[in-house]
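Examination of the molecular architecture
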Amino acid sequence: MLDEAVTRLPGIGPAAAKQLATLGVRSVRDLLEHYPRRYADAGEVVDLSAVEVGQPATLVGEVIDAQVRRIAPKGRTRRDIAELVVRQSGGAVFRASFFNQRWMADRLAPGTVAAFSGKVGEFRGQLQLAGPKVEVLGHVRAGRSAEEAAEDLRHQRLLPVYPATGALPSDRIRTFVAAALEAVGPLDDWLGTELREREGLVDLDAAVRLIHTPEHWDDVTRARDRLVFDELLVLQLGLQWRRRRLEDGMVGLDNAPAADGWGARLVDALPFAPTGAQRRAFDGIAEDLALERPMHRLLQGDVGSGKTLVALWTMLAAVDRGRQAALMAPTELLAEQHLRTLTTLLAPLGVNVPGGVRIELLTSSTTAAQRRRILDDLADGTVDLVVGTHALIEDGVRFGALGVVVIDEQHRFGVSQRVALKDKTASDGDGPDVLPDVLVMTATPIPRSLALTVYGDLDVTVLDELPPGRTPVRTTLLDPSAPERRERLYDHVRRQAGIGLRAYVVCPLVEPGESGATSAVDHHRRLRDEVFPDLAVELVHGRLRADDKEAAMRRFREGEAQVLVATTVIEVGVDVPEATTMIIEDAERFGLSQLHQLRGRVGRGADVSHCALMASQPLDELTEDGRARLEAMVATTDGFALAATDLDLRGAGQLFGRRQSGLPDLRLARIDRDLDVIGRTRDLARAVVAADPQHEDPAHATMHAEVVRRFADDLEGLEALETG
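This text gives an overview of the structure that appears in the document. Since this is a predicted model, take the numbers as computed values, not measurements. One numbering rule holds for all chains: residues counted from 1, following each sequence as written. Totals for whole chains, interfaces and linings use every residue, but because this is a predicted model, local features are given only for residues with pLDDT of at least 70 and side-chain atom pairs only at 80 or more, for both listing and counting. Side-chain metrics in this entry use all non-hydrogen atoms of the structure; hydrogen atoms and water are not considered.

Another point: the overall build of the chain. Within the chain, the regular secondary structure consists of 25 helices and 23 strands. We call two residues in contact whenever any of their non-hydrogen atoms come within 4.5 Å of each other. Considering only contacts in the chain between residues 6 or more positions apart, those separated by 24 or more positions represent 73%. Note on areas: these come from Shrake-Rupley sampling with a 1.4 Å probe, and a residue is covered only by the protein chains present in the view. When the accessible area of the chain is evaluated, it comes to approximately 31,800 Å², of which 48% is carbon and sulfur surface. Secondary structure elements follow DSSP: runs of H or I no shorter than four residues count as helices, runs of E no shorter than two count as strands, and numbering proceeds from the N terminus.

Right under this line is the structure:
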């Protein structure tokens, strides 16, 4: 029954099924898992004869008349009032009025059965509720009488309010859910009794029924506790079983750093001392590299926290053991920047010289002749380190002895790509497959609670310190209604250019579009021809040919150009210490993480840097979320604090949706308030998979089946679990 189409239920025909499908509801199970987004507390439902003027009350009735009346204008403002006449089941009549809400007369047309909650007043001798809260309970023409609705509310005062559409309102969904609860029998529980009792959870059948039909708030709490536990435990089990499947039949490598090896020499040659966070990262990674199992570690840190140094130190551990290392980046621009950074860091030790470390770059722009040479040298082990893009996992790429893999910007790579890169090492014959150690880097600071959820199959290392000497970027928010501030900003750019410093100008679009947002092409033309005719202004965006893009970036890096107009193609991986000004046009159109990453392109040298957020419209006309993001940027430069704000504003489901993380949506769980459940379920999942990796215990087999049922279409790489 659960997996049958919703049309199997009474009252749901093809038209209603089509509307439900727009909400992701196609089966009876989907309908039961379409949880309320909130509850309307109707309070105690009373008869009209029992109300007291001046006291709050909830009255249920059928709308028998709905009119809009014009009242005397106040000044030049037209004023309307929607007035309803509502009849209770016993025949008593009251009025409900809504000031300047003409649309309420259409929404609550005659025949609508609803609960009206508010303070009881009196108007012209008749009882009235002015501006009450309203919850539609049904329609008389659909067989829902006021008497039936009032009787239901006497047993259930909390009304579930569902995600709905204009054509399919919450009250109809409430009716469909009621039909589903009546049609299905007791739901089988995939958690054993012992585990439920240990965790203090109700059984699944009770949780599903309570979430939809609570009588008290305690019912909602008990139901939510169980269903949130389910969501997070299944997610963690899926991640842990996926990791086990990836490692099945494979052994790790002993890549423990040599005491006097390349990594130690690198640290000794640095012109600065590593931060305490970097040294802790070295220690934790060194322990992983020495283990028999392959390393799977996430390295996350704020802009400028020194992730690349830690990554290079990790890769050099493989070179110490006569093996190779690869760093894979999502874009050519980022790969090229990594090559420059690694080369600079290795320069004191000798790079691409006899006796030094050999490093190469492999991208889609690599010429055919260069590619053949690099592939030959990778296969015979001559190349120590290779930096590249997706070109590293193309056919024909083989390593002589791949020991460490570093993957940058994890959220842009799926599990299958991680596996493909690991599989590039040459086979050693019939022995067990050897799995390289893997370090995943992300330049997006993530609250630790979210990292534990999204990267449940990775160990987490956090770089939470910035190197000394970095000057915080000064951030200002500019209102377009004050154009003189833009002129002062342009004067600042000219003065900075006069002393050899540079500026970025970031736009949300490449070409002009229907949205009216600032385009990089048009803005570049204006700045070049009208605003800065005395300066060199370059343009970079994702549609440029790779060689044109690199030529423009080179001119900017070397100081031939003083202003670079760009899209978010420069969001990560661009490092120009002389760039001290960042101007972001239409800043409210960018996400908080993007804004923070863009700001991180400046402040990379010793000079004081500035970031100007240019709103596209007056600040008091921005959306609440848009203004909140911009004000958060002004308030702090702490990426982790901004990530927590972003999580609060957008929720985890949007912050790490399917396209970014390959993870399914969380329907009820909230990362910010369910941290304790995240920890409990992660520990439990690890224990279950470690004790029974093949899920031979019947209790674990039931868990495994639930993981496959929920995530087979969502969690990349989980298809392997179905046969595991």
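Whenever Lys or Arg places a side-chain nitrogen within 4 Å of a carboxyl oxygen from Asp or Glu, that contact is recorded as a salt bridge. Here the structure, examined in full by the defined rule, presents 40 salt bridges. Three or more residues joined by partner-sharing salt bridges are found here, namely Glu33, Asp189, Arg196, Arg226, Asp230, Glu706, Arg709 and Arg710.

Looking now at the packing of aromatic side chains. Note on aromatic pairs: the rings of Phe, Tyr and Trp (six-membered ring only in Trp) are paired at centre separations within 6.5 Å, and the planes decide the class, stacked below 30 degrees, edge-to-face beyond 60, tilted for the rest. This structure, assessed with the given rule, holds 5 aromatic pairs. When the ring of Tyr39 is compared with that of Trp217, the centres are 5.9 Å apart and the planes differ by 85°; the resulting orientation is edge-to-face. Note that Tyr39 is positioned in strand 1 (residues 38–41) and Trp217 in helix 8 (residues 217–247), a separation of 178 residues in sequence. In this scheme, a residue with accessible area under 20% of its type's maximum is buried, one over 50% is exposed, and one in between is partly exposed, where area comes from a 1.4 Å probe on protein chains only. Judged by its relative accessible area of 13%, Tyr39 falls in the buried class. A centroid spacing of 4.6 Å and a plane angle of 25° characterise the contact between Phe282 and Trp313, whose relative ring orientation is stacked. A residue pair is termed long-range when its members are at least 10 positions apart, and Phe282 in helix 10 (residues 276–290) and Trp313 in helix 11 (residues 307–320) qualify at 31 residues.

Below, the discussion takes up helix 18 (residues 546–557). Expected helix span is taken as 1.5 Å per residue step, with the number of steps being one fewer than the number of residues. Counted at 1.5 Å a residue, the expected span for helix 18 with its 12 residues is 16 Å, and the 16 Å between its end C-alpha atoms agrees. All buried positions along helix 18 are accounted for by Lys549, Ala552, Met553, Phe556 and Arg557. All buried residues of helix 18 lie within an arc of 135° about the axis, which places them on one face of the element. Where helix 18 is buried, its residues contact helix 12 (332–346), strand 19 (502–506), strand 20 (537–540), strand 21 (563–566) and strand 22 (579–585). Looking one or two residues past helix 18, Gly559 carries a phi angle of roughly 90°, positive in sign. Taking the helix axis as origin, the arc is that swept by the directions to the C-beta atoms.

Glancing now at unusual backbone geometry. Phi is positive for Asp586, which is not a glycine, with a value near 50°. Tracing the chain through its elements places Asp586 in the loop between strand 22 and helix 19 (592–599). Residue His695 is not a glycine yet carries a positive backbone phi of 45°. On the secondary structure map, His695 appears in the loop between helix 24 (675–691) and helix 25 (698–711). For His695, a relative accessible area of 14% puts it in the buried group.

With parallel pairing, 7 strands are arranged side by side in an open sheet as 12-13-11-14-16-10-17. Edge positions in the open sheet fall to strand 12 (359–362) and strand 17 (459–463), since each of these has one partner strand only. On average, adjacent strands in this sheet sit at an angle of 20° to one another, irrespective of strand direction. Where helix 10 meets the sheet, it contacts strand 10 (296–301), strand 14 (402–408), strand 16 (437–442) and strand 17, and its direction lies at approximately 160° from that of strand 17. In this analysis an axis means a line fitted to C-alpha atoms, helices contributing only their contacting stretch, and an angle means the value between N-to-C directions, from 0 to 180 degrees. Contacts from helix 12 reach strand 11 (324–328), strand 12, strand 13 (385–388), strand 14 and strand 16, with the element oriented near 175° to strand 12. Two strands make a pair as long as DSSP finds a minimum of two bridges between them.

The two faces of strand 20 match: Val537 and Leu539 on one face and Glu538 and Val540 on the other face are all buried. As paired strands, strand 20 and strand 21 are joined by 4 bridges and run parallel to one another. Bridge pairing in strand 21 links Glu538 to Leu564.

Right, let's get into the sheet that holds strand 20. Strand order in the open sheet formed by 6 strands is 18-23-22-19-21-20, with parallel pairing between adjacent strands. Two strands in the sheet have a free side with no partner beyond their single neighbour: strand 18 (474–478) and strand 20. The sheet shows a mean angle of 20° between the axes of neighbouring strands, direction not considered. Pairing of strand 18 with strand 23 (residues 610–614) involves 5 bridges; the strand directions are parallel. Following the sheet pairing, Thr475 is matched in strand 23 by Cys611. Of the strands in this sheet, strand 18, strand 19, strand 21, strand 22 and strand 23 are in contact with helix 16 (residues 483–498), which crosses strand 22 at around 150°.

As a further point, take the packing of helix 12 against helix 18. Between helix 12 and helix 18, the shortest axis-to-axis distance is 11 Å and the interhelical angle comes to 45°. On the basis of their axis angle, the class for helix 12 and helix 18 is oblique. With respect to the hand of their crossing, helix 12 and helix 18 are arranged in right-handed fashion. On the side of helix 12, the interface is formed by Glu332, Leu333, Glu336 and Arg340, while helix 18 contributes Ala546, Lys549, Glu550, Met553 and Arg557. Of the residues that constitute the contact of helix 12 with helix 18, the class distribution is 3 nonpolar, no polar and 6 charged. Working rule for angles: under 35 degrees goes down as roughly parallel, over 145 as roughly antiparallel, 65 to 115 as roughly perpendicular, anything else as oblique. Less than a right angle of anticlockwise turn of the near helix away from the far helix marks a crossing as left-handed, whereas a clockwise turn marks it as right-handed. In this count, Pro and Cys sit with the nonpolar residues alongside Ala, Val, Leu, Ile, Met, Phe, Trp and Tyr, while Asp, Glu, Lys and Arg are called charged and the others, Gly among them, polar.

Along the chain, Thr58 falls in strand 2 (residues 56–74). Here Thr58 falls in the buried class, since its relative accessible area comes to 4%.

Moving on, we get to the nonpolar core. Residues belong to one nonpolar core when they are buried, are Ala, Val, Leu, Ile, Met, Phe, Trp, Tyr or Cys, and are joined through side-chain atoms within 4.5 Å. Ile12, Leu31 and Leu237 are the most contacted members of the largest nonpolar core, which has 57 residues in total. Looking at this core, the elements that each hand over two or more residues are helix 1 (14–21), helix 2 (28–32), helix 5 (170–183), helix 7 (204–212), helix 8, helix 24 and helix 25. Per-element tally for this core: the top contributor is helix 8, with 12 residues. Ignoring sequence-local partners within four residues, the contact set of Leu237 consists of Trp190, Ala685, Val688, Val689, Met703 and Val707. Judged by nonpolar contacts, the second largest core, of 40 residues, contains Ala277, Ala281, Leu309 and Ala335.

Moving on, we come to the layout of surface pockets. Taken as a whole, the largest pocket encloses approximately 1,100 Å³ of empty space. Lining residues are those with an atom within 4 Å of a point, where the points come from a 1 Å grid over the protein atoms alone and group into cavities, where a 1.4 Å probe fits but cannot get out, or pockets, open sets with protein on both sides within 12 Å along at least five of seven lines. In this structure, the largest pocket is lined by 42 residues; those nearest its centre are Gly306, Thr308, Thr341, Asp575 and Arg604. Of all the elements in the fold, those that place two or more residues in the lining of the largest pocket are helix 9 (262–269), helix 11 and helix 12. Looking at the lining of the largest pocket element by element, the count peaks at 7 residues for helix 12. Of the residues assigned to the lining of the largest pocket, the class counts are 18 nonpolar, 14 polar and 10 charged. Grid points are joined across faces, edges and corners, and a volume is the space filled by probe spheres set on the points.

Counting buried positions along strand 10 gives 6 out of 6 residues, so the element sits mostly inside the fold. On strand 10, burial covers both faces: His296, Leu298 and Gln300 on one face and Arg297, Leu299 and Gly301 on the other are all buried. Sheet analysis places strand 10 next to strand 16, joined by 5 bridges and oriented parallel. The partner of Leu298 across the bridge, within strand 16, is Val440. For strand 10 and strand 17, the ladder comprises 5 bridges, and the chain directions are parallel. For Leu299, the partnering residue across the bridge sits in strand 17 and is Thr461.

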